[in-house]
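Structural overview for review
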Amino acid sequence: MRVDPSNPKDENRDRFVLSKGHASAGLYATLAERGFIPVEDLKGFRKLDSYLQGHPDMKKIAGVDMTTGSLGQGLSTANGMALSAKLDKKDFRVYCALGDGEIQEGEVWEAAMSAGHYKLDNLCVIVDNNNLQIDGTVDKVMSPYPIVEKFKSFGFHTIEIDGHDFEQIIKAFDEAKTVKGKPTAIIAKTVKGKGVSFMENQGSWHGKAPNEEELAQAMKDLM
Amino acid sequence: MDKDTKIATRQSFGEALKELGEKNGKIVVLDADLAGATKTNIFGKAFPDRFFDMGIAEQDMIGTAAGLASCGKIPYAASFAAFATGRSYDQIRSSVCYPKANVKICGTHAGVTVGEDGATHQMLEDLSLMRGLPNMTVICPSDDTQTRWAVEEVSKFEGPVYLRLSRAATPVIYDAGTKFEIGKMVQFGEGTKATVFATGAVVSESLKAQEILAEEGIDIRVVDVHTIKPIDREMIIKCAKETDKLISIEDHSIIGGLGSAIAEVLADECPKKLVRMGMKDEFGKSGKAMQLLEYFGLVSKNIVEEVKR
């Protein structure tokens, strides 16, 4: 992404909307690695005296382009940014990450219709398809499948990848940049808690932190 | 517009929006398939590049407006009040009010004065919904002049606004070009028998009641509450002290709207009885606008009775 941590409000920066705002821990860690926020601040995550709210807050956190938390709203806001770029003839791109459970929200499909209708080729959607949501597996709770065909029929160029394979991820983003006249949706197959023995494919790790013992085990698994 | 002519505030809104678009290139307008009725089509015709019809998808409209605002645009998002605020309440709460997005939400066809469309389309809870949201400014103009002022005025500050507008044509109350101040009520007369606080479409009915009562030697004052939030606390306290009786009237539920806002200030500052006229925890029905105001007891005759009671 074209971003500059020393100028987080640059008008021409690429935008990122984490529509599945509950994955804020991952976003904050990324922003810290990239130099938007100090790494030591991560310890304050979800605590009273910290600016790192449970869900991303654009007014408090450098590098957060949109406040999210209530599911289903991020794609509409990303569309607004993409429309604004078109109006101003700016070449920034807008990225929006959706959860596969989140796309059960009706607004996502209103927004998908709108992105296709307005031919937002400066927009790239990523669906994190880990097949888990709070009440169980996505297909059992309320199946959104087939996801790829749905986005196709709403006028998207679609790319399917293994969401853990960096080469595939980079290739998909590069491909999205070349698509003209329509938005792109990357459907990324992922495994929740990938690489951590006791977390893999466990829906219960949707939004909680490990204790000391679990943390030690997780770090061992990932090394 | 000449005084005593009648014009709907949605019409004034549509015309004012186009004028604002001429002055300010940042203004963009969104609608949800009701551009002919909300009158945003006037702007749409003049500035097609800056007008977005979002289809029948109010939630997406509000979210898109928030995204446009984050990039420096000043979006006015319009639909009928019922759908602009009710259908998309969570979008307004999370994507507009919490991040203080510079989105102006314009709800036309508020209240029973919608008329024939009936209960589903007669929004009676929008003031209540919007007033409860942090960071939101709530404005409900009473006539053409005030609407034109409000449309431009809200573009001058950064932050969420709810503009409540009506379908039915109502009399022009103020001279063209009159300036108002957000959060400052307008007082008509110095009468001490009663204060009638009114907002939007029923301000003209209140002024009519004031005339009728004056002929009988009963002097009341009417206060036009064009800004529901922030509410003008000083004016409420002043009128509570200076007048015998307090009445509020609105084309809205008596729960959560103008009456409630005034009652809150009275409870805080100077406890006094307040008669809240408005819709009594009920839905509207089909009919002509004026017939409905009469049916639900929201016309000058009812105000006169209430003052004399």
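Above this text you will find the structure in question.
This report concerns the structure included in the present document.

Moving on, we come to the overall build of chain B. Check the secondary structure of chain B and you find 13 helices and 14 strands. Here the C-alpha radius of gyration of chain B, 18 Å, is about what a compact globule of 309 residues would show, namely 19 Å. When the backbone C-alpha atoms are referred to their principal axes, chain B occupies close to 55 × 35 × 35 Å. Counting every position in chain B, which comprises 309 residues, the buried fraction comes to 63%. In chain B, once contacts between residues fewer than 6 apart in sequence are set aside, the share between residues at least 24 apart is 79%. Looking at chain B as shown, the accessible area adds up to about 11,400 Å², and 49% of this sits on carbon and sulfur atoms.

Broken down by element type, chain A carries seven helices and seven strands. Walking chain A from its N terminus toward its C terminus, one meets helices and strands in the order β-α-α-β-α-β-β-β-α-α-β-α-β-α. Here the C-alpha radius of gyration of chain A, 17 Å, is about what a compact globule of 223 residues would show, namely 17 Å. Principal axes of the C-alpha set define a box for chain A whose edges measure 50 × 45 × 30 Å. Looking at chain A as a whole, 45% of its 223 residues qualify as buried. Sequence separation of at least 24 residues holds for 67% of the intrachain contacts in chain A that already meet a minimum separation of 6. Approximately 11,100 Å² of chain A is accessible, and the part contributed by carbon and sulfur atoms is 55%. Separation of charge centres in chain A, based on 28 positive and 33 negative side chains, amounts to 4 Å.

Residue and element names in this part refer to chain A. Tallied over the entire structure, the rule returns 13 aromatic pairs over all chains. Note on Tyr95 and Phe173: the rings are 5.5 Å apart at their centroids and 90° apart in plane angle, and the pair reads as edge-to-face. With a gap of 78 residues between them, Tyr95 in strand 2 (residues 94-99) and Phe173 in helix 6 (residues 166-178) connect regions that are remote in the sequence. Residue classification places Phe173 among the partly exposed positions, given a relative accessible area of 25%. Taken together, the aromatic side chains of Trp109, Phe151, Phe154 and Phe156 make up a single cluster linked through ring pairs.

The end-to-end C-alpha separation of helix 1 (residues 9-23) of chain B is 21 Å, in line with the 21 Å expected for 15 residues at 1.5 Å each. Looking at helix 1 of chain B, one finds that the buried residues are B:Thr9, B:Arg10, B:Ser12, B:Phe13, B:Gly14, B:Ala16, B:Leu17, B:Leu20 and B:Gly21.

Before going further, it helps to examine the nonpolar core. Looking at soluble globular proteins, one finds that nonpolar side chains tend to be buried together. Formed by 90 residues in total, the largest nonpolar core has its most connected members in A:Leu98, A:Leu123, A:Val125, A:Phe151, B:Ile105, B:Met136 and B:Phe197. Discounting residues that sit within four places of it in the chain, B:Met136 has contacts with B:Ile92, B:Cys97, B:Ile105, B:Met130, B:Pro160, B:Val161, B:Tyr162 and B:Lys229.

Time to look at the interface of chain B and chain A. If you look at the interface, chain B gives 25 residues, while chain A gives 26 residues. Between chain B and chain A, the buried area comes to about 2,000 Å², and carbon and sulfur atoms account for 56% of it. Considering only the surface of chain B that becomes buried against chain A, B:Asp60, B:Cys71 and B:Tyr98 emerge as the three largest contributors, covering 25% of it. Summed over the shared surface of chain B and chain A, the result is one salt bridge. Note that B:Lys73 is salt-bridged to A:Asp88, the shortest N-O span being 2.6 Å. Joining chain B to chain A, the criterion identifies 12 residue pairs in polar contact (both at pLDDT 80 or more). Of all the elements in the fold, those that place two or more residues in the side of chain B that touches chain A are strand 3 (51-53), helix 4 (58-70) and helix 6 (89-97) of chain B. Looking at which element gives the most residues to the side of chain B that touches chain A, the answer is helix 4 of chain B, with nine residues. A class-by-class count of the residues in the side of chain B that touches chain A yields nine nonpolar, eight polar and eight charged.

So, about the sheet that holds strand 10 (residues 194-198) of chain B. Residue and element names in this part refer to chain B. Ordered by their spatial adjacency, five strands build an open sheet running 9-11-10-13-14, and the pairing between neighbours is mixed. Only two strands of the sheet have a single neighbouring strand rather than two, namely strand 9 (186-188) and strand 14 (275-279). Across the sheet, the mean angle separating the axes of adjacent strands is 20° when strand polarity is ignored. Bridge count for strand 10 against strand 13 (residues 245-253) is five bridges, and the pairing is parallel. Residue pairing in the sheet places Ala194 in a bridge with Lys245 of strand 13.

What follows covers a nonpolar patch on the surface. Together, A:Leu215, A:Met219, A:Leu222 and A:Met223 make up a nonpolar patch on the protein surface, roughly 440 Å² of accessible area in all. By the element assignment, A:Leu222 lies in helix 7 (residues 212-222).

Next up on the list: the pairing of strand 5 (residues 104-108) of chain B. Residues and elements named next belong to chain B. Burial analysis of strand 5 places five of its five residues in the buried class, the great majority of the element. Burial along strand 5 is two-sided: Lys104, Cys106 and Thr108 and Ile105 and Gly107, pointing in opposite directions, are all buried. Two elements, strand 5 and strand 7 (residues 161-164), share four bridges in a ladder whose sense is parallel. Bridge pairing in strand 7 links Gly107 to Arg164.

What counts and how
Residues numbered from 1 in each chain as written. Chains lettered and ligands numbered in written order. Predicted model: local features only at pLDDT ≥ 70, side-chain atom pairs only at ≥ 80, totals over all residues. Heavy atoms only, no water. Helix = DSSP H or I, 4+ residues; strand = E, 2+ residues; numbered from the N terminus. Rg over C-alpha atoms; globule rule 2.2 N^0.38 Å. Buried < 20%, exposed > 50% of the residue type's maximum accessible area, 1.4 Å probe, protein only. Contact = heavy atoms within 4.5 Å. Areas by Shrake-Rupley, 256 points an atom, 1.4 Å probe, with all protein chains shown as cover. Lys, Arg positive; Asp, Glu negative; His and termini not counted. Charge placed at Lys NZ, Arg CZ, Asp CG, Glu CD. Phe/Tyr/Trp six-rings, centres within 6.5 Å; stacked < 30°, edge-to-face > 60°. Expected span 1.5 Å × (residues − 1). Core = buried A, V, L, I, M, F, W, Y, C linked by side-chain atoms within 4.5 Å. Buried area = accessible area lost by both parts, 1.4 Å probe. Salt bridge = Lys/Arg side-chain N within 4 Å of Asp/Glu carboxyl O. Polar contact = N/O pair within 3.5 Å; in protein donor to acceptor, adjacent residues only side chain to side chain. Nonpolar A, V, L, I, M, F, W, Y, C, P; charged D, E, K, R; others polar. Pairing = 2+ DSSP bridges. Axes fitted to C-alpha atoms, helices over the stretch in contact; angles between N-to-C directions. Patch = residues over 30% accessible without salt bridge, like charges linked within 9 Å, V, L, I, M, F, W, Y side chains within 5 Å.

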